Every structure is written in C-alpha cells, then in structure tokens.
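# An overview of the molecular structure
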Amino acid sequence: MKNRSIGTLFDKSVKGRTAVLPTQPSQSAKDMLPKGLLRQNAPRLPEVSELDVVRHFTNNSHKNFSIDGNLYPLGSCTMKYNPKVNESIAALPGFSSTHPLIPQLKGGEAYTQGSLQAVYEVEEVLCEINGMKAFTMQPMSGANGEFTGVMLIAAYHRDKGNKKTKIIVPDAAHGTNPASAMMAGYEVINLPSKDGMVDPEALEAALTDDVAALMMTCPNTLGIFENHLPSIVEKLRKIDALLYYDGANLNAIMGKMRVGDVGFDVVHLNLHKTMATPHGGGGPGSGAVGVSEKLVPYLPVARVVKNEDGSFALSYDFPKSIGYIAPFLGNFSVYLKAFAYIKRLGKEGIPRAAEFAVLNANYLRKSMESFLTVPFDRICMHEFVSSPPEGIRALDIAKALLENGIHAPTIYFPLIVNECLMFEPTETENKDTLDELIELMHEFVEKGKKDPEYLTKMPLTTPVRRLDETMAARNMILTQQEKVK
Ligand SMILES: *Cc1c(COP(=O)(O)O)cnc(C)c1O
C-alpha cells in the first residue's frame, strides 16, 4: 500500500474521529481557575484515531535520515553513535524536572546541589582532558563558543591596555572562525595554507604588533594535523598575541594531546560532535570553552563554585567577567550526555576512541584512493578530503549515496578543494559498514564514468528528489493550506 503519511496530522482529521477519550475535567477543576482564563471554544486539534497518530509519526520518522538508521560519514561533524545510556542519564528526573531558574533564586541552590555538582565536575573533567585551567559551559554551539573565546581575548587585551585590532585565521578553518572574529569587532587576516598546513612564511609576514590572536584548527578541516604548532605558539607569544584552538576536531586527538600543554589560551569544544550527541539537522549543541590561567578572570558568569563545606553555589563575584553568554548555564542536557559519555569511556576509552576514529578514516582513504583523487597524500586524522574523477560531480555522488540509504559525506567544503567530498566515518562504525561504503563509492564512480546520467538522475526513491535549493531558501513556504473534509 502507498505510504500516505506526507503532510500533517490535520490532513488526516475527520470530524468526530477520536482516540482514547480523556475523562472530562470535573466541575471543581474548572472552578479552581479564574474565569477569564477558561477557553470559550474547544482547541482546534486534529480529530484522528490512535492508529492514525502512531502511523503518522512512525512513517515520518523513517523519512528523516538519522545515525540510528544508517552510516552518516558527514565530514567535520563527527556524527558518531550516541549510546542510549547517555540519553537515560540526561533524562533522570532529578535533572530533567528541575526548573532551570531554581539555582538562581535565593536559597534555590539548596534544591539543585546535584545539578550544580554535575556542572562543576564536567568542567573539571574537560580541564583534565584539555589541559586548561577553567571551563565555561554556557556557549550553545561551536560558533557561540568561538564568539565567547574571542570576547575573552578582547577582554584580556583591553585590560592590559594592548592596542590590538586583528585576528589571523588560516584558510583551512571553518567559516565560523572569521565570522566570530568579525562579530567581536576584529579585522580578519586570512592566512593561506601550504601543503594543507599553515604556511610559516605567510604567518611571519602577517604577524604585526596589532595582532590580537591566531585561531588554529587542529586537525584542520582538511583532516591534517598541523606540524608547526610549537613554532607557531612561540611566534605569537613574542607579540603578546593569544592562541585560540578550534577544538571541533577534538575527536582525533582526545586523550592524546592536551591543547593547554601545547600553549593554547582558549579552546572551544563541540560536545555535540566529539562527545556523542550528534547534531545533524542543527539540534541543540554545547560549545564549552576552556581557558588558560590568564583568561580565567574574564569568564562568563554565573560560575559554579565549590564552598568550603563541599556544597556548590552560583557565583557572580568576578568583576572582570564578560557577563552572560547564555542563560541557564547553557544546554545542560547536552553536556550531561557528554559527561556520561566521558565517564563511561574513562581514561583508557577516550584515547582508544580517537585511535579508532583515525584508523577508520585512514582505512577509507587508502581503500578509495585508487578511484578518488586524494589531494594530500599523507596519513590523515579523523577525516579526509577527496574529489571524484574529472566529469563527475560531488553533488551527484552525494545523491546516489542517499538513494542507497547512506548519508552523503560533506560536499563542497572546505572551499579550497575542488568538488570536495569530505568523509568522516568516526570510531563507531565497523569494518563491514565501511566496506559497504567503499564498494558503493567504487560502483558510482565506475557507472558515472560510463554513463553520466546514471548519477545525475539520482535519487529516485527518497521523499523528495532534487530541490531548487536557492528557491527553497529565498522563497520559503512555512504554512500549509488546510484541507477541508
Ligand atoms: C562544526 C564546526 C564549527 C562550528 O560549530 P557549530 O556547533 O556548528 O556552531 C567550528 N569549527 C569547526 C572546525 C567545525 O567543524
């Protein structure tokens, strides 16, 4: 039978059709509410049976692509499996039923000791993993973390009376880096890369006294580890410029290298990537920011502090703080899941995850280099970039994968690689699944070479096929006409 669940539940509504009837509210319940708050008319809800509702949501959930359904090798996003135990822990009633304003009320801290302790301890463990002095859990995304980090850098220079107006960003960075630096009021200096890394000569030329910071991503968006880190750190120190580390790619180095030990002053993490809360579709994130000693005074308030008696409290007593970045100490449930993930993997598991992520990416890279162009012929970290052969478009490969139930790799990013296909398998995929991807990719390239139309007509059976993406963004249709039955 045809799958009929496209559309909303209202489309299925038939007057008088019901599911289980809830008991009518008693008169006394009605009397308890002020008259003016009682509704005059029944709410307009779809009139459907229970089976209609169940089928509607079950069928629609299958139209969405998710990591629970299949492989999701979306480079730069670390779409790893999120073990269900993380969800259960974040959903414990003691966490999920607490009103987020309670700790901020007078005396409210007494009722939220467990939640405050969780914030305190996740900050501690992130300091340990990254070699930083303190963390703030407030930022709600990677980009929000970058903005926070750059604001901290600005506060530092302002406090010291440094006249700094520029931030250097290598061209292999994520686009959010220059955007965050601009939003915080800096001029952005774009640094060209050489062999997929920072070009030391270009860096030398860009280093003037008015440079406030350098924003490094390591491994960068090409999946390449930066070889020149120590000399870069040394050069920036000489002009009192700070070092920002975009830690979105922490998956490759966690438990292996601590950015604080290398000399970085600020790092943001994408807990919704590295720490098992895959964020496909732009779901809630957590861009926790760690700092070295010299930036601690500027961290956002409120901060969770530990009293002498071992209890936890919110403190606003940081006069140099940049203030609030986000309410309610950020996306609490997202970092609870991250905390559960970290605790479960522990000291041995965290570096093992990084090792498997790097192994899986290199297995894919080596297995596909005979039929894809891999521009940087060296060991990659947790992801790598490649291009299809001449005449085949990255977009068409992506659509063919979707037709076969595998999510596309990231395409056309980073911008410095032509027809870029960027694969990140993560550590949670096994060899059989990776082999399936390799086989499909090989098949698409071979078929695409013989018959270009084979790929350009893909996908055939997805809920929507090829969209006019420009029109979809420019001419959005956000309401649905009601069908009257
Ligand atoms: C994902 C990503 C970001 C931005 O993070 P969001 O959470 O999407 O705002 C920044 N830098 C790098 C390298 C990334 O991969």
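Cut-offs applied
- Residues numbered from 1 in each chain as written.
- Predicted model: local features only at pLDDT ≥ 70, side-chain atom pairs only at ≥ 80, totals over all residues.
- Heavy atoms only, no water.
- Pairing = 2+ DSSP bridges.
- Helix = DSSP H or I, 4+ residues; strand = E, 2+ residues; numbered from the N terminus.
- Near = heavy atom within 4 Å.
- Polar contact = N/O pair within 3.5 Å; in protein donor to acceptor, adjacent residues only side chain to side chain.
- Areas by Shrake-Rupley, 256 points an atom, 1.4 Å probe, with all protein chains shown as cover.
- Nonpolar A, V, L, I, M, F, W, Y, C, P; charged D, E, K, R; others polar.
- Buried < 20%, exposed > 50% of the residue type's maximum accessible area, 1.4 Å probe, protein only.
- Axes fitted to C-alpha atoms, helices over the stretch in contact; angles between N-to-C directions.

Here three strands make up an open sheet; going across it, the order is β12-β14-β13 and the pairing antiparallel. Looking at strand neighbours, the two that pair on one side only are β12 (384-386) and β13 (410-411), the edges of this open sheet. Alignment of β12 against strand β14 (residues 421-423), held across three bridges, turns out to be antiparallel. Across the sheet, residue Phe-384 finds its bridge partner in β14, namely Phe-423.

Around the ligand, 13 residues are found, and the nearest of them are Ser-76, Gly-142, Asp-246, His-272 and Lys-273. Here an oxygen atom of the ligand sits 2.8 Å away from a polar atom, N or O, in the side chain of Ser-76. A distance of 2.6 Å is found between a nitrogen atom of the ligand and a side-chain nitrogen or oxygen belonging to Asp-246. Considered on its own, the ligand offers 380 Å² of accessible surface; in the complex 88% of this is hidden by protein. Mapped by element, the contributors of at least two residues to the shell around the ligand are α6 (142-160) and α11 (271-274). If one sorts the elements of the shell around the ligand by residue count, α6 sits on top with three residues. Class assignment of the residues belonging to the shell around the ligand gives a composition of two nonpolar, eight polar and three charged.

Bringing unusual backbone geometry into the picture now. Residues Val-301 and Ala-302 are joined by a peptide bond in cis, for which omega reads 0°. Residue Pro-459 follows Met-458 across a cis peptide bond; omega there is -5°. Along the polypeptide, Pro-459 turns up in the loop between α15 (452-456) and α16 (469-474). Even without being glycine, Phe-328 reaches a positive phi, approximately 55°. By the secondary structure assignment, Phe-328 is in the loop between β11 (312-315) and α12 (332-368). Since its relative accessible area comes to 35%, Phe-328 is described here as partly exposed.

This paragraph deals with the sheet that holds strand β8 (residues 266-269). The sheet built from seven strands is open, its strands ordered β1-β9-β8-β7-β6-β2-β3 with mixed pairing. One side of each edge strand has no neighbouring strand; the edge strands of this open sheet are β1 (134-136) and β3 (187-191). Neighbouring strand axes in the sheet, compared pairwise and without regard to direction, differ in orientation by 20° on average. With four bridges connecting them, strand β7 (residues 242-247) and β8 associate as parallel partners. Within the sheet, the bridge partner assigned to Asp-246 lies in β8 and is His-268.

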